[in-house]
Each structure stands twice: as structure tokens, then as C-alpha cells.
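Survey of secondary and tertiary structure
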Amino acid sequence: MTDTPPPETAPEAARKKNAAWVRTAVDYGAPIAFAVAFFATKNFQTATWVLVAASALALVLGYLVERRVALLPLFSGVMALIFGTLGLVFHSDVFVKIKVTVVNAALALFMIGGVLTHRAPLKALMGEAVHLPDAAWRTLTLRYGGYFAFAAVANEIVRLTQTTDMWVKFRIGLLPLAILFSLSQVPFMMKHMAKGDEAKTPEPPDAGF
């Protein structure tokens, strides 16, 4: 007879729901705040101040609620602080714009390089959230590596060929694209989930950088 895990209590379900909202705020709050500030003021420096402040606030909020910050949002948030601060110090929009390229290119190299060296970096990042066979992890990791590489290349094309207004619109456009990409991987993850986990709906790893 197979043991059935006990149903979640109301407080536990509420905690998970609140944590999901916090993760969304951590992942997407800073770039959205940046875009709103830019289009409201048409001043890139002012928007960069907002980006730095919102990135710091998101990281603190994520830690206070969950007592931890996942590695990918932490990496992206810290990079936003670093590149945003450089942009403010040197009064240049290049640093904020190129941050998207640097972060996504680094993640692409991390994912694809990990698979080529017979590792599963995405599995390590997700921990025990999802159980998949090694072959499925390799496929999923390569897909994410491909997404990050695409985002890095696309950002460079837009950054070098388009106006600042268009770049900010492109940056915001990456957010729903990231969500759609992550959701598109859920059927693959569910197909290869370990026996006994089929009833769970896996939460796809974030790609909102």
C-alpha cells in the first residue's frame, strides 16, 4: 500500500502562496519599477536609481519572507546592484543595458558548459523541487542555456541598433517571454517526473533575467 502524503494545512498553503508572490516580486519587481520610472521621467539616471533601490529592496524582502534568496534571483539582483551603481557613478546607460547581456551570457555558459562537462547545474539549482532522470535534466538544462544565449544576443542587437526607449520596451518584453518559456517546459517536466510525483504540478525554474 502506497503512503499518501498528508494534505497541506491552511497555514502551510497560505505560506506557500505568499512565498510565490514574494518570488515574483523579487524576480520581476526591479525591472518593472525601472521601466515605470524611465517612461514617467524620461531620465535614465533617475530610472537607474529606482532600479538599484528596487533590487536591494527585493532581495531584502525575499530574505525576510523566506529566510533565503534562491541563487538565480540572488545573482541577478546583485548584478543589478553592481551594474546600476556603475551606471550612476559614471553617468552612463551602458552599464544597465549591458547587464542583461552579461547575466544571460554567464547563465548560458554555466548551463551549456555544465552539460558538456557531464554536470547538471539546473538540477543543483532547483534542489529537491523536482525529481527528473539525468537525461531529462540534461535536456532541460540545454533548453535553458539556449534561452539565456538567445536573450544575451537579442539584448546586444537591440542595445547597439535601437534607441533607449526601444531598449527599455525590449527589456520589459523579456519578462513575459521568460514566463512563457518557463511555462512551456512544464509539460516536459511532468512527462519525466519521478513515479509518485505525477500529481504535482512542477514550478518551472525562473528565466526572468
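It should be emphasised that the depicted structure is a prediction, and the values quoted were computed from it without experimental measurement.

1. Let's talk about the packing of aromatic side chains
Working definition: an aromatic ring pair is given by the centre-to-centre distance plus the angle between the planes. Taken as a whole and judged by the stated rule, the model has ten aromatic pairs. Between Y144 and F181, the aromatic rings sit 4.8 Å apart at their centres with planes inclined by 75 degrees, giving edge-to-face as the arrangement. Here Y144 is found in helix 6 (residues 134-161), whereas its partner F181 is found in helix 7 (residues 164-184), with 37 residues between them in sequence. F181 matches Y144 in its accessibility class, with the two residues each being buried. An angle of 65 degrees between the planes, with centres 5.6 Å apart, marks the rings of Y147 and F148 as edge-to-face. Side by side, Y147 and F148 carry an identical accessibility label, which is buried. An aromatic cluster is defined as three or more aromatic residues linked by ring pairs; in this entry it consists of F34, F38, F39, F44 and W167. The ring centre of F188 lies 4.4 Å from the NZ or CZ of R143, which sits over that ring.

2. Things to note about the side chain of S55
Within the secondary structure, S55 is located in helix 2 (residues 44-66). Residues in contact with S55, not counting those within four places in the same chain, are A30, G77, A80 and L81.

3. Some details on the nonpolar core
Of all hydrophobic cores here, the largest spans 22 residues; its most connected members are L122, V130, L132, W137, L140 and F148. Counting residues per element, the ones that place at least two in this core are helix 3 (71-90), helix 4 (94-116), helix 5 (121-126), helix 6, helix 7 and helix 8 (186-191). Counting residues in each nonpolar core, the second largest holds 17 residues, with F34, L51, V96 and A154 among its members.

4. Some words on the environment of F38
In this structure, F38 sits in helix 1 (residues 10-41). Not counting chain neighbours up to four residues away, the residues in contact with F38 comprise N43, F44, A47, T164, D165 and V168.

5. Some thoughts on the confidence of the model for the chain
When pLDDT is averaged along the chain, the result is 82, and 77% of the positions lie at 70 or above. Predicted confidence is poor over residues 1-5, with pLDDT under 50, and the contacts of this stretch with residues over four places away or in other chains come to zero contacts.

So, how was this worked out
Residues numbered from 1 in each chain as written. Predicted model: local features only at pLDDT ≥ 70, side-chain atom pairs only at ≥ 80, totals over all residues. Heavy atoms only, no water. Phe/Tyr/Trp six-rings, centres within 6.5 Å; stacked < 30°, edge-to-face > 60°. Helix = DSSP H or I, 4+ residues; strand = E, 2+ residues; numbered from the N terminus. Buried < 20%, exposed > 50% of the residue type's maximum accessible area, 1.4 Å probe, protein only. Lys NZ or Arg CZ within 6 Å of the ring centre and 35° of its normal. Contact = heavy atoms within 4.5 Å. Core = buried A, V, L, I, M, F, W, Y, C linked by side-chain atoms within 4.5 Å. pLDDT = per-residue confidence, 0-100.

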